[in-house]
Amino acid sequence: MIDGTEWFFLFFAIYFFPNAHTMTVERKEESFMNPFLEHARPADQIFMDWQKIYPKPYCKEETDAYTKVRIILMNGTEFEANWFSHQFHRHCPDNDLRRQIAILRRVEQQQQKRIACLKPDNESILEHTIGYEQLAVDLTAILAQRDPDPYVVQVMNLALLEDFDHLYRYANLLDFERGIRAENLVGCYTEIMPGRPTISEHRHPMDSVRYYVDFSAAAPITKLDTAIITAAEQQTMNYYMNQCGFYESDLGRQLYQEIAMIEEQHVTQYGALLDTTLSWLENLLLHEYTECYLYYSCMMDETDCYVRKIWEQHFEQELSHLHTAARLLEKYEGKVWQQVIPCGEFPELLCFTPQKEYVRQVLAGTVNNTALREDPQFPVCGLPMNADFFRYQATVNPDVSMVPSHNVITRSICSCGKDYRYENAPNPVEGLRNRRCDNTEVGRRP
């Protein structure tokens, strides 16, 4: 309860410092949000009409880079929710349960269509791709730094350097084909320079499988992190799979094709982290909880008032989905939500900030690592010469001049005299500092 004195000071703060009041309320909400304890409307009463589904697109020249990143993230989250729901539907013999899932899925579909249409029609495939790779880099770095599971961190750090290099390759294609500097698209929040060279990322499929995380013993934030990164990387893979055939130049099509294959590896390794022992309904509850968490995080982090309102509305809708999932779990499996998510209160919220120093640290320390079976950080110099990694490299990359990611940089150097970069200091890896020659040996040769 608030006494009279506290009411006086609260009124004083609101009247003279309205912004400070808002910040205080937001911090309080952030600290104590438990979506299971919030009021939720019935799931079949939250459908949207066409006016709500079709939003006003953002302005690509004025909108903050991290707003674009959040839009890509939530589009991918909704895509994952939809395809999980369809798979559940295809593996469920109970039509009454399938009808309940269909209601949730229809709203998820409306949300996904709404988010996807925030992208303006004058933003090219390649410009949009820069946002995808910025998301992959900064999101992975943020999650890796906060996750308490050292194995999950190692898995994330492996892919971090690879997505970082993808950003560099796409940025060079954008520079010499379109004359557009990617540093403006990323808001100067993220550096653009070589990571683990894309040619070095091609590994045998058996080296992309990881140990799964036991969610019964995992920290709540690890459950969220593994779900979030799987959905985000899956969205990137899907985007490249579909867009490579629509790109205008052969070199661009080839680059999308090559990087899409690496994204397949990333989705395989991240999907392997998810607990394979969970039931379909336990998984449904975790999906809805993750969506609630992400929409709430986006709502608290968003700087665009119009987009923030969408995050608020979707959070309210996801509350309904979460409560429905909890009721279905109890009805069909006799379990309460606390058995899956012991503490419903949100952990640390996701907030996008520049991750330059962390990326540099990981780059300097692990660029010459690859994966060997379940080990996501194995030094290339420690591999036997008959390792699957070298055999696969010889099959896929028999001639460096055939590799699209290398050819993009070669073309950029030929066109401009040196590659395109946006870096605050020289690359922390000496072998990656030469701007007139693309290094195809780092992370690939012993």
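Visitor: Explain the overall build of the chain residue by residue, including any values.
Guide: The secondary structure content of the chain amounts to 15 helices and two strands. Whereas a compact globule of 446 residues would reach a radius of gyration of roughly 22 Å, the chain reaches 23 Å, a difference of no more than 12%. Referenced to the eigenvectors of the C-alpha coordinate spread, the extents of the chain come out at roughly 70 × 55 × 40 Å. Taken across its 446 residues, the chain has 56% of its residues classed as buried. A separation threshold of at least 6 residues defines the contact pool for the chain, and within that pool the share at least 24 residues apart is 84%. In the structure as shown, the chain presents an accessible area of about 19700 Å², 55% of it carried by carbon and sulfur atoms. Here the chain holds 42 positive side-chain charges and 64 negative ones, and the gap between their average locations is 4 Å.

Visitor: Could you give me a rundown of the pairing of strand β2 (residues 375-379), with the residues and numbers involved?
Guide: Looking along a regular strand, one sees the side chains alternate between the two faces of the sheet. Pairing of strand β1 (residues 369-372) with β2, which is carried by three bridges, proceeds in the antiparallel orientation. The residue bridging N369 from the neighbouring strand is P379, located in β2. Two successive antiparallel strands, β1 and β2, enclose a turn made up of two residues, where R373 displays a positive phi of approximately 50 degrees.

Visitor: Kindly report on helix α13 (residues 356-366), identifying the contributing residues and their values.
Guide: Each α-helix winds once per 3.6 residues, and so residues spaced three or four apart point in a common direction. Turning to α13, its buried residues are K356, Y358, V359, R360, V362, L363 and T366. On its buried face, α13 sits against α6 (125-146), α7 (150-178), β1 and β2.

Visitor: Let's hear about the nonpolar core: which residues, and what values?
Guide: L73, L139, L285 and W311 are the most contacted members of the largest nonpolar core, which has 112 residues in total. When residues in this core are grouped by element, the largest group, 16 residues, is from α7. When sequence neighbours within four positions are dropped, the list of residues in contact with L285 reads F36, L322, A325, A326, L329, W337, V340 and I341. V380, L383, F389 and F390 belong to the second largest nonpolar core, which has five residues in total.

Visitor: Describe the side chain of S405, naming the residues involved and giving the relevant values.
Guide: Tracing the sequence through the fold places S405 in helix α15 (residues 404-416). S405 has contacts with R169, T198, I199, L255, E258 and D438, leaving out every residue within four places of it along the chain.

Visitor: How would you sum up the pattern of salt bridges? Please name residues and give values.
Guide: On inspection of all chains with the given rule, the structure shows 24 salt bridges. Residue E423 is joined to R421 by a salt bridge in which the shortest nitrogen-to-oxygen separation is 3.9 Å. Counted as one network, the salt bridges with shared partners bring together D207, R373, D388 and R391.

Visitor: Let's hear about unusual backbone geometry: which residues, and what values?
Guide: Excluding glycine, residues mostly have negative phi values, and the peptide bonds linking residues are mostly trans. The backbone phi angle of C188 is positive, close to 60 degrees, even though this residue is not glycine. With a phi close to 50 degrees, R373 is a non-glycine residue in the positive phi region. Structurally, the position occupied by R373 is in the loop between β1 and β2.

Visitor: Would you mind going over the packing of helix α4 (residues 65-90) against α6 in detail, with residue names and values included?
Guide: When two helices pack together, their arrangement is given by the angle between their axes and by how far apart the axes lie. Two numbers describe how α4 lies on α6: the axes approach to 9 Å, and their chain directions differ by 85 degrees. With respect to each other, α4 and α6 are oriented roughly perpendicular. Of the residues in α6, those in contact with A65, Y66, V69, I72, L73 and N75 of α4 are H128, G131, Y132, Q134, L135, D138 and L139. For the contact of α4 with α6, a count of residues per class yields eight nonpolar, four polar and one charged.

Visitor: Help me get a handle on the packing of aromatic side chains, residues and values and all.
Guide: Scanning the entire structure with this criterion turns up 22 aromatic pairs. On the numbers, 5.2 Å between centres and 50 degrees between planes, the contact of Y296 with F315 is tilted. Of this pair, Y296 sits in helix α11 (residues 280-301) while F315 sits in helix α12 (residues 305-333), and the two are 19 residues apart along the sequence. When its relative accessible area of 6% is taken as the criterion, F315 is described as buried. Within the aromatic cluster, the residues linked to one another by ring pairs are F36, Y289, Y293, Y296, F315, W337 and F346. Stacked on the ring of Y306, the Lys or Arg K56 has its end atom at 4.7 Å from the ring centre.

Visitor: Describe the confidence of the model for the chain, listing the residues and the values that go with them.
Guide: Taken as a whole, the chain shows an average pLDDT of 93; of its residues, 93% reach a score of 70 or greater. Long-range and interchain partners of residues 1-30, a stretch whose pLDDT sits below 50, account for 13 contacts in this model, where long-range means more than four residues apart.

Visitor: I'd like a description of the environment of S249, backed by residues and values.
Guide: Checked against the element boundaries, S249 lands in the loop between α9 (220-243) and α10 (250-273). Among the polar contacts made by the side chain of S249, one reaches the main-chain amide nitrogen of G252 at a distance of 3.0 Å.

Visitor: So what's going on with the side chain of E201? Residues and values would help.
Guide: With respect to the helices, strands and loops of the structure, E201 is situated in the loop between α8 (182-185) and α9. Within the buried core, E201 has no salt-bridge partner, and the shortest N-O distance to an opposite charge, that of R196, equals 6.1 Å. One polar contact links E201 to H166, side chain to side chain, over a distance of 2.7 Å.

Visitor: I'd like a description of helix α14 (residues 388-396), backed by residues and values.
Guide: Three or more residues of α14 are buried, namely D388, F389, F390 and Q393. On its buried side, α14 packs onto β1.

Visitor: Let's hear about the environment of R373: which residues, and what values?
Guide: Given the relative accessible area of 31%, R373 is considered partly exposed. Separated by 154 residues in sequence, R373 and A219 have C-alpha atoms that sit 25 Å apart. Side chain to side chain, R373 and D388 meet in a polar contact 2.8 Å long.

Rules behind the numbers
- Residues numbered from 1 in each chain as written.
- Predicted model: local features only at pLDDT ≥ 70, side-chain atom pairs only at ≥ 80, totals over all residues.
- Heavy atoms only, no water.
- Helix = DSSP H or I, 4+ residues; strand = E, 2+ residues; numbered from the N terminus.
- Rg over C-alpha atoms; globule rule 2.2 N^0.38 Å.
- Buried < 20%, exposed > 50% of the residue type's maximum accessible area, 1.4 Å probe, protein only.
- Contact = heavy atoms within 4.5 Å.
- Areas by Shrake-Rupley, 256 points an atom, 1.4 Å probe, with all protein chains shown as cover.
- Lys, Arg positive; Asp, Glu negative; His and termini not counted.
- Charge placed at Lys NZ, Arg CZ, Asp CG, Glu CD.
- Pairing = 2+ DSSP bridges.
- Core = buried A, V, L, I, M, F, W, Y, C linked by side-chain atoms within 4.5 Å.
- Salt bridge = Lys/Arg side-chain N within 4 Å of Asp/Glu carboxyl O.
- Axes fitted to C-alpha atoms, helices over the stretch in contact; angles between N-to-C directions.
- Parallel < 35°, antiparallel > 145°, perpendicular 65-115°, else oblique.
- Nonpolar A, V, L, I, M, F, W, Y, C, P; charged D, E, K, R; others polar.
- Phe/Tyr/Trp six-rings, centres within 6.5 Å; stacked < 30°, edge-to-face > 60°.
- Lys NZ or Arg CZ within 6 Å of the ring centre and 35° of its normal.
- pLDDT = per-residue confidence, 0-100.
- Polar contact = N/O pair within 3.5 Å; in protein donor to acceptor, adjacent residues only side chain to side chain.

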